[in-house]
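# Survey of secondary and tertiary structure
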Amino acid sequence: MGVPGRTDDHRWSQQHLSHYVEGDLRPRARRRLDRHARDCVDCERGLRAMRALVYAVQGLNGLAGVRAPATIFDRVRAAGAGGSSSPRGA
Amino acid sequence: MTPPSRDERAPEPGATETPATVRAASDPAGTGPRATEASLVARAQAGDAGAFEQLSGAYADRLFMLLLRLLGDRAEAEDVAQEVMLRAWQGIAGFRGRSSYFTWLYRIAVNEANRALEKRARRPAGVSIGTRELQLPSSPADDPSRQAEVSELRLALGRALAELPPALRAAIVLRDVEGLSTQEAAEIAGVSQAALKSRLHQARLRVRAAVGDEALVTAGG
């Protein structure tokens with residue numbers, strides 16, 4: 001039989017890794033996760049993985065040569081050519 | 001031409017906002033970027049299509065990238081981008097400047113992307129989202145082995161993002177990829193900040209599960 005509360009702490013910690021990284025946990029909850037992760041290899045690794053995930057997803061940002069198509073205003077121009085050039089309510 | 005019907009689920013962003021010109025009042029010289037934007041908004045609201053193109057064109061690349069990430073299909077992103085601009089043009093009279101123009105435009109984009117995804121889901125043979133559009137080449141400054149690891153991780157992230165339900169994908173793209181604040185992302189997604197956070201956490205958990213801790217920790221150094 002496991003230590004009482006340990007399974008609950010583990011499940012709860014796994015569900016709140018993102019909250020932890022985001023800084024969304026109240027101090028008491030943060031201490032709960034800290035305490036558990038000190039003794040839990042999975043959760044300690046999970047925390048590192050979640051930090052790496054956020055960092056990697058943030059790294060997907062950037063335009064890197066992607067440009068909007070030249071046709072992006074075509075419908076606006078067509079609407080103008082069709083006689084309804086003014087925005088509604090103007 | 002027949003104007004498209006308004007989206008009942010998403011009221012015109014900014015419909016009850018304070019006039020955009022109010023923003024310029026704090027900069028009487030009219031030299032700041034905000035004043036420039038406010039004057040472009042005012043001109044566009046008066047029917048100046050050139051001002052509208054200048055105003056919206058400043059965000060066109062970023063908006064197109066957002067649509068690529070949400071839709072994962074270049075042709076569809078191009079089509080939706082045109083629709084977003086048309087809707088913005090037709091709705092700009094209702095923009096009152098309570099949120100930034102960028103936030104308002106992005107909200108239209110997310111609504112239109114969701115509409116396109118709903119249409120896609122109703123098609124008999126659903127087109128799966130293209131993972132290539134959800135990731136970018138790695139930095140040329142990285143060494144080759146590192147580049148390979150990062151590239152593999154980006155592919156895996158692209159696949160995982162593509163598998164997310166649209167609402168969760170929008171949350172993680174707006175907040176983590178685009179780097180918007182929770183408040184901005186929530187405004188754009190049309191939900192409360194708490195709901196946005198909840199979606200963000202769910203999205204991260206799913207992406208983590210799909211990619212795996214090993215790949216994340218290894219590539220993350």
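Residues numbered from 1 in each chain as written. Chains lettered and ligands numbered in written order. Predicted model: local features only at pLDDT ≥ 70, side-chain atom pairs only at ≥ 80, totals over all residues.

## What about the overall build of chain B?
Inclusion rule: Runs of H or I in DSSP of at least four residues are treated as helices and runs of E of at least two as strands, each being numbered from the N terminus. With C-beta atoms placed from the backbone, a residue is buried if 20 or more other C-beta atoms are within 10 Å of its own, exposed if 12 or fewer are, and partly exposed between those counts. Two residues form a contact once the distance between their C-beta atoms, set from the backbone, is within 7 Å.
Per the secondary structure count, chain B includes 11 helices and 0 strands. Going from N to C terminus, chain B has its helices and strands arranged as α-α-α-α-α-α-α-α-α-α-α. Across the 221 residues of chain B, 44% fall into the buried class. Considering only residue pairs separated by 6 or more positions, chain B has 66% of its internal contacts joining residues 24 or more positions apart.

## Overview of the overall build of chain A
A count of helices and strands for chain A gives 5 helices and 0 strands. Taking the contacts inside chain A whose residues are at least 6 apart along the sequence as the reference set, 53% of them involve residues at least 24 apart.

## A look at the interface of chain A and chain B
As a reminder, the rule being used: Residues are grouped as follows: Ala, Val, Leu, Ile, Met, Phe, Trp, Tyr, Cys and Pro are nonpolar; Asp, Glu, Lys and Arg are charged; every other residue, Gly included, is polar.
With 41 residues of chain A at the contact, the number on the chain B side is 48 residues. Listing elements by their share of the side of chain A that touches chain B, those giving two or more residues are helix H2 (17-22), helix H4 (41-58) and helix H5 (74-81) of chain A. In terms of residue class, the side of chain A that touches chain B is built from 21 nonpolar, 13 polar and 7 charged.

## Quick look at the domain arrangement of chain B
Residues and elements named next belong to chain B. Operational definition: For the domains described, the bounds stem from an automatic or database domain assignment.
The assigned domain composition of chain B is domain 1 (8-127) and domain 2 (133-221). Listed by partner, the interface residues are 15 residues for domain 1 and 14 residues for domain 2. Of all the secondary-structure elements, those providing two or more residues to the side of domain 1 that touches domain 2 are helix H4 (60-71) and helix H6 (101-122). In terms of residue class, the side of domain 1 that touches domain 2 is built from 7 nonpolar, 4 polar and 4 charged.

## Focus on the nonpolar core
Most often, soluble globular proteins keep nonpolar side chains buried together rather than apart. Residue and element names in this part refer to chain B. In plain terms, the rule: For this entry, the nonpolar core is defined as buried Ala, Val, Leu, Ile, Met, Phe, Trp, Tyr and Cys residues connected by C-beta atoms within 7 Å.
Core analysis: the biggest nonpolar cluster contains 78 residues, and Leu 63, Leu 67, Ala 81, Ala 109, Leu 157, Ala 171 and Ile 172 have the highest contact counts within it. In terms of residue count, H6 provides more of this core than any other element does, 10 residues in total. For this core, the domains that each give at least three residues are domain 1 (8-127) and domain 2 (133-221). If sequence neighbours within four positions are ignored, Ala 109 has contacts with Leu 63, Leu 66, Leu 67 and Val 84.

## Some details on the confidence of the model for chain A
Defined as follows: For every residue, the predictor reports its confidence as pLDDT, a number between 0 and 100.
In this model, chain A carries a mean pLDDT of 84, and residues with pLDDT of at least 70 account for 78%. Of all secondary-structure elements in chain A, the lowest mean pLDDT belongs to H5(A), at 87, while helix H3 (residues 27-39) of chain A reaches the highest, 95.

## Points about the environment of Leu53(A)
With respect to the element layout, Leu53(A) can be found in helix H4. The sequence separation of Leu53(A) and Pro69(A) amounts to 16 residues, and the corresponding C-alpha distance is 31 Å. Setting aside chain neighbours within four positions, we find Leu53(A) in contact with Arg204(B), Val207(B), Arg208(B) and Leu216(B).

## Considering the environment of Lys197(B)
Within the secondary structure, Lys197(B) is located in helix H10 (residues 193-211). For Lys197(B), a count of 20 C-beta atoms within 10 Å puts it in the buried group. The sequence separation of Lys197(B) and Thr182(B) amounts to 15 residues, and the corresponding C-alpha distance is 7.3 Å. Discounting chain neighbours no more than four positions away, the residues touching Lys197(B) are Asp24(A) and Thr182(B).

## What to know about helix H8 (residues 166-177) of chain B
All names here are of chain B. When you tally the buried positions in H8, you get 10 out of 12 residues, the bulk of the element. Taken together, the buried positions of H8 are Leu 168, Arg 169, Ala 170, Ala 171, Ile 172, Val 173, Leu 174, Arg 175, Asp 176 and Val 177. Phi turns positive one or two residues past the end of H8, at Gly 179, with a value near 75°.

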